[in-house]
Structures are given as structure tokens and as C-alpha cells.
Amino acid sequence: EFRVSRIQTRWQPALEFMESRMNQYLENHAEAAVPSQVVLSFDVIPTNPPSDTAADPSQPFHRPFIRWYPGETVTPGMLPVEAYNPKASEFVQVPRFP
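Here's a quick rundown of the structure. (Residues numbered from 1 in each chain as written. Predicted model: local features only at pLDDT ≥ 70, side-chain atom pairs only at ≥ 80, totals over all residues. Heavy atoms only, no water.)

### With respect to the pairing of strand 4 (residues 90-95)
Next up, step 1: As judged from the five bridges shared by strand 3 (residues 78-85) and strand 4, these two strands associate in the antiparallel manner. If you follow Met78 over to strand 4, its bridge partner there is Pro95. (Pairing = 2+ DSSP bridges. Helix = DSSP H or I, 4+ residues; strand = E, 2+ residues; numbered from the N terminus.)

Encoded structure:
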């Protein structure tokens, strides 16, 4: 389920992780430029409840979570990351938590 409030309250550790991974990559690849965007994503491995032994579980799939544009100016009132809305299959800007 897509909920903006989850991003509004948990975006800072995710951004710190993305910055750290980007910096680590840039340190190891001196010729590389700062990327235009960084996407944090994860793999989903669906499982059936233990009582449902007859059905085959769905296939694993990859899902984006948040996107960040290093070095870009942040829109006033918005977070520096965008959230992925799986129902709309797009990233959306997230307002700062009031």
C-alpha cells in the first residue's frame, strides 16, 4: 500500500544511505561523474500463508522505492526525495511533514 506518510517520516535514513552508496561508488570510480539521479529499490518475494499449500507463490519482482537528484535544488515545501507510487507506476513529489 502506498502511503506518503511513510516517506515523510522515514526519508532521512534512506537519503543518508543513498548518499553513502553514491559517494562510495564515486570513490571507487574516479572517472565517474555524479549521477543525475539515485534510486533506492528493493526486491519483493511474495509468499503464501502457511495454510495455503496448494497455490504457487507469485514470482519475485523488483520495485523502486524513492528517487533523489543529487545537487538539484529542492522545491520549497517538498522533501529532497520522490516516492514511487506503484499503482500509478511513477515517482511523485512528497510534501514535508507538517
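From this point, things continue past the structure.
### Focus: the pattern of salt bridges
Next up, step 1: Per the counting criterion, the structure on display carries one salt bridge.
Next up, step 2: Across the pair Arg67 and Glu82 runs a salt bridge whose closest N-O atoms are separated by 2.6 Å. One end of the pair, Arg67, is in strand 2 (residues 61-68); the other, Glu82, is in strand 3, and 15 residues separate them in sequence. Here Arg67 and Glu82 have matching classes, each one buried. (Salt bridge = Lys/Arg side-chain N within 4 Å of Asp/Glu carboxyl O. Buried < 20%, exposed > 50% of the residue type's maximum accessible area, 1.4 Å probe, protein only.)

### Focus: the packing of aromatic side chains
Next up, step 1: Across all of its chains, the model carries two aromatic pairs by this definition.
Next up, step 2: Here the aromatic rings of Phe42 and Phe65 are separated by 6.1 Å at their centres, their planes lie at 65°, and the arrangement is edge-to-face. Here the residue Phe42 occupies a position in strand 1 (residues 38-44), and Phe65 occupies one in strand 2, the gap between them amounting to 23 residues.
Next up, step 3: Since its relative accessible area comes to 35%, Phe42 is described here as partly exposed.
Next up, step 4: Residue class for Phe65 comes out partly exposed when judged on its relative accessible area of 32%. (Phe/Tyr/Trp six-rings, centres within 6.5 Å; stacked < 30°, edge-to-face > 60°.)

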